[in-house]
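Topology and contacts: notes
Given next are the chains, with one letter for each unit.
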Amino acid sequence: MKLHFILFGLLSIISFALAWTKEDYEIFDLVSAIEATEGKGTTFYSWLEVSPKATVPDINKAYRKKSMQLHPDKNQGVKGINERYARLGVVAAILRDGERRERYDFFYKNGVPRWRGTGYYYSRYRPGLGSVLVFLVGLTSGLQLVAQKMNYKKDLERIERFRTKARQAAWGVRMIPQPGAKKVRVSLSNSIEDEDSPAARYVDMLVEGEHVYLLGDDEPVLLDASVAPKPSIRNTWAINLAKALARKVLPQSKASPDDTTTTEDQAVDTGASAEEDTDADGTDAGGASTPGGSKVISASAIGKVGGRRRKVAPKKK
């Protein structure tokens, strides 16, 4: 739901940015320049010392008075006086023109937008190819990191849901802890109706106190938050690409322990991804899938999520 709001906000900003014209950009520049030289909060009207409802004759009179004060001949040696004098003429011209004044009044009442569109900034700063590439890399990596955080939150919710189902199956609906370890079968379906379906899938789990273990063809795997891959900037495409290029350039014999660990992690990730491939109805050759369609059927599959397995054998009574 939050993603929808973010997309809606971005589309709104883009629509406003596309609606701004060349005249609007001129007003943006003037507002910034006047605040820089005459003081923050200075407007076209306050600079000319007239009311926002001033008539054209009032504006002409105020302009003549102000132009005499800022005339370069009377302010020789004053830094930036020529630019200020020329700027005053542009401001007066805008306020004399009905259409342009109406446009300025809109920004005068609602404020000048902070984000003025890519066209505005590009036309004024004209970044080079390198700057554009750096910006795009940073933007896409940031978006990927946001997606990782969203997926991490969903993974935690899914894990907690399975843990709750396992406890309910072992202890009953009232969730009163029972001594000893108990093996249960937990449905991977979202609803009770789906559990009665012939296509419903189950997974074996072991409940011992507050701990829930996933059973499979390997050692039991403790099912907790450590199973979910945590979001990290190191897992974005830009960092992974840099690591891959570094491994190709640097001699293999001088590879650091971190490089070896990363290679092993990628191999494990690939194995986990292969086990999690599903067909159109969310099942695979192993026969089980999660409610979202991704496979969580064996201890080896879930334990490898995130690149590392956490093997914790339950205590023997």
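For the structure, check the block above.
Rules used in this analysis
Residues numbered from 1 in each chain as written. Predicted model: local features only at pLDDT ≥ 70, side-chain atom pairs only at ≥ 80, totals over all residues. Heavy atoms only, no water. Axes fitted to C-alpha atoms, helices over the stretch in contact; angles between N-to-C directions. Helix = DSSP H or I, 4+ residues; strand = E, 2+ residues; numbered from the N terminus. Parallel < 35°, antiparallel > 145°, perpendicular 65-115°, else oblique. Left-handed = near helix turned anticlockwise from the far one by under 90°. Contact = heavy atoms within 4.5 Å. Nonpolar A, V, L, I, M, F, W, Y, C, P; charged D, E, K, R; others polar. Pairing = 2+ DSSP bridges. Buried < 20%, exposed > 50% of the residue type's maximum accessible area, 1.4 Å probe, protein only.

1. Overview of the packing of helix α2 (residues 22-38) against helix α5 (residues 81-96)
Direction vectors running N to C along α2 and α5 enclose 135 degrees, while the axes themselves pass 11 Å from each other. Judged by the angle between their axes, α2 and α5 are oblique. Of the two possible hands of crossing, α2 and α5 adopt the one that is left-handed. The segment α2 lies against α5, with Glu26, Ile27, Leu30, Ala33, Ile34, Thr37 and Glu38 engaging Arg84, Arg87, Val90, Val91 and Ile94. A breakdown of the residues in the contact of α2 with α5 according to their chemical character gives 7 nonpolar, 1 polar and 4 charged.

2. Thoughts on the sheet that holds strand β3 (residues 211-214)
An order of β1-β2-β3-β4 is seen for the 4 strands of this open sheet, with the pairing classed as antiparallel. Pairing within the sheet leaves two strands with one partner each, and these edge strands are β1 (181-187) and β4 (221-222). In the sheet, β3 pairs with β4 via 2 bridges, with the strands oriented antiparallel. When the sheet's bridge partners are listed, Leu214 is paired in β4 with Val221. Along the sheet face, helix α8 (residues 129-171) touches β1, β2 (202-208) and β3 and points at about 125 degrees away from the line of β1.

3. Section: the environment of Val31
Examined against the element boundaries, Val31 turns out to sit in helix α2. The class for Val31 is buried, based on a relative accessible area of 12%. Considering only alpha carbons, one finds Val31 and Phe44, 13 residues apart in sequence, at a separation of 7.9 Å. Among all residues touching Val31, those that are not within four sequence positions of it are Phe44, Tyr104 and Val112.

These figures capture arrangement, not role.
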